Amino acid sequence: MPGKVIPWLKVVVHLLCLLPLLKLLMMFHSGALAAESDPVQFLTHFTGLWALWLLVWDLAITPVRRLSPKLSWLIRFRRMVGLYSFFYATLHMLVYVFLFSGYDTATALEGIRAHHWGVPWQQLKLIVPSMIDDVKQRAFIQVGLITWVLLLALAITSPQRVLRAMGGKNWQRLHRVVYVAGFLALMHFWWSLKKGNNAPAVVSIVFFALMIARLVWTLWQKRKKRARMVTA
Ligand code: HEM
């Protein structure tokens, strides 16, 4: 892939990753979001699904790139797609905090308009106890929270200068956590549903196929290394 094309492709990938957000903004503007039977549920599901699919596509980049040396340029999109997954996961978490958990947005906004800057914070403090109870009671929320914290750690350490400061080996070791995040995100999805609902089946199959591809590649590399050592 010629180097000149990469910046253009990056623009395309940015636009594609921003499409779901654009759809939400358009739905909000046109009133289609308010017309949903449960707008908050819709927002939770929409942002959660995009966070998960982007995470899985991010994990797909390495195995696809390994199919041919000609595809090595794909690696330059990994960080971007991963950060967009974190972006949608953060929106998802914010929907939970500010819409799902009974946060009084109207009062908070009134406070801001009246320049009473403490009001939004007071409103947040009011819902914290019930949110803590919810986290304690529902295991799938705990798993979601852990997944988000892992994605946060990956996002914070994603810039090149952090990589240099940490050293390549340590950075790589930490960034393997992305597979754990993928697994936990799936667990969170399955556990959020009633028994018999197989909505996460497709994304789970894609995820496990990627994990198998990774395992086969590692074993194959090890075998090649051993064979080289024997011939040497
Ligand atoms: C602080 C972190 C998180 C919280 C509080 C949270 C909360 C929730 C809640 C309340 C639901 C809806 C359950 C219902 O239908 O009643 C949900 C669903 C979901 N969440 Fe999360 N979540 C978190 C993190 C994540 C992360 C990091 C991901 C993905 C990377 C994720 C992906 C999903 C998916 C895919 C669904 C199911 C959507 C559907 O049913 O269509 N969540 N989450």
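Residues numbered from 1 in each chain as written. Predicted model: local features only at pLDDT ≥ 70, side-chain atom pairs only at ≥ 80, totals over all residues. Heavy atoms only, no water.

(A) Highlighting the packing of helix H2 (residues 39–65) against helix H10 (residues 201–231). Interaxial distance between H2 and H10 falls to 10 Å at its minimum, and their mutual angle equals 25°. By the angle class used here, H2 and H10 are roughly parallel. Viewed along their axes, H2 and H10 form a crossing whose handedness is left-handed. Along its contact with H2, which presents Leu52, Trp53, Val56, Leu59, Ala60 and Pro63, the element H10 presents Val202, Val203, Val206, Phe207, Leu210, Met211 and Ala213. (Axes fitted to C-alpha atoms, helices over the stretch in contact; angles between N-to-C directions. Helix = DSSP H or I, 4+ residues; strand = E, 2+ residues; numbered from the N terminus. Parallel < 35°, antiparallel > 145°, perpendicular 65-115°, else oblique. Left-handed = near helix turned anticlockwise from the far one by under 90°. Contact = heavy atoms within 4.5 Å.)

(B) How the structure looks around the site of the ligand. Taken together, 22 residues form the shell around the ligand, and within it His45, His92, Met93, His188 and Phe189 come nearest. Here glutamine 41 contributes a side-chain N or O atom positioned 3.4 Å from an oxygen atom of the ligand. Between histidine 92 and the ligand, the recorded distance is 2.8 Å, taken from a side-chain N or O atom to a nitrogen atom. Only H2, helix H3 (78–100), helix H6 (139–156) and helix H9 (177–191) provide two or more residues apiece to the shell around the ligand. With 7 residues, H2 is the single largest residue contributor to the shell around the ligand. Grouping the amino acids of the shell around the ligand by side-chain chemistry returns 14 nonpolar, 8 polar and no charged. (Near = heavy atom within 4 Å. Polar contact = N/O pair within 3.5 Å; in protein donor to acceptor, adjacent residues only side chain to side chain. Nonpolar A, V, L, I, M, F, W, Y, C, P; charged D, E, K, R; others polar.)

(C) Quick peek at the UniProt feature "transmembrane region" (unreviewed entry) in the protein chain. According to UniProt, the feature "transmembrane region" (unreviewed entry) maps to residues 44–61, 81–103, 139–156, 177–193 and 199–220 in the numbering used here. Its end C-alpha atoms 26 Å apart, residues 44–61 is made of 100% helix and 0% strand. Secondary structure across residues 199–220 divides into 91% helix and 0% strand, with the first and last C-alpha atoms of the span separated by 34 Å. (UniProt positions renumbered as here; feature names shortened; annotations may be inferred.)

(D) Highlighting the pattern of salt bridges. The full count for this structure, using the stated rule, is 2 salt bridges. Between arginine 78 and aspartate 58 there is a salt bridge whose closest N-O contact spans 3.8 Å. Separated by 20 residues along the polypeptide, arginine 78 in helix H3 and aspartate 58 in helix H2 bring together distant segments of the chain. (Salt bridge = Lys/Arg side-chain N within 4 Å of Asp/Glu carboxyl O.)

(E) Main features of the coordination of the iron atom of the ligand. Looking at the iron atom of the ligand, the protein donor atoms are His92 (NE2) and His188 (NE2), and they sit 2.0 Å from it. Here the iron atom of the ligand is ringed by 6 donor atoms whose angles at the metal span 88 to 180°, and the overall shape comes out octahedral. Residue histidine 92 is located in helix H3, and its partner histidine 188 is located in helix H9; the two are separated by 96 residues in the primary sequence. (Donors = N, O, S within 2.8 Å, 3.2 Å for Na, K, Ca; no water. Tetrahedral: all angles 85-135°; square planar, octahedral: opposite > 155°, others 65-115°.)

(F) Just the packing of aromatic side chains, in detail. Tallied over the entire structure, the rule returns 12 aromatic pairs. Here the aromatic rings of tyrosine 84 and phenylalanine 87 are separated by 6.4 Å at their centres, their planes lie at 90°, and the arrangement is edge-to-face. Of this pair, tyrosine 84 and phenylalanine 87 are both found in helix H3, 3 residues apart, which corresponds to roughly one turn of the helix. Under the relative-accessibility criterion, tyrosine 84 is labelled buried at 12%. A residue is classified by how much of its surface remains accessible, and phenylalanine 87, at 32% relative accessible area, is partly exposed. On the basis of an interplanar angle of 85° and a centroid distance of 5.2 Å, the ring pair of phenylalanine 207 and phenylalanine 208 is categorised as edge-to-face. (Phe/Tyr/Trp six-rings, centres within 6.5 Å; stacked < 30°, edge-to-face > 60°. Buried < 20%, exposed > 50% of the residue type's maximum accessible area, 1.4 Å probe, protein only.)

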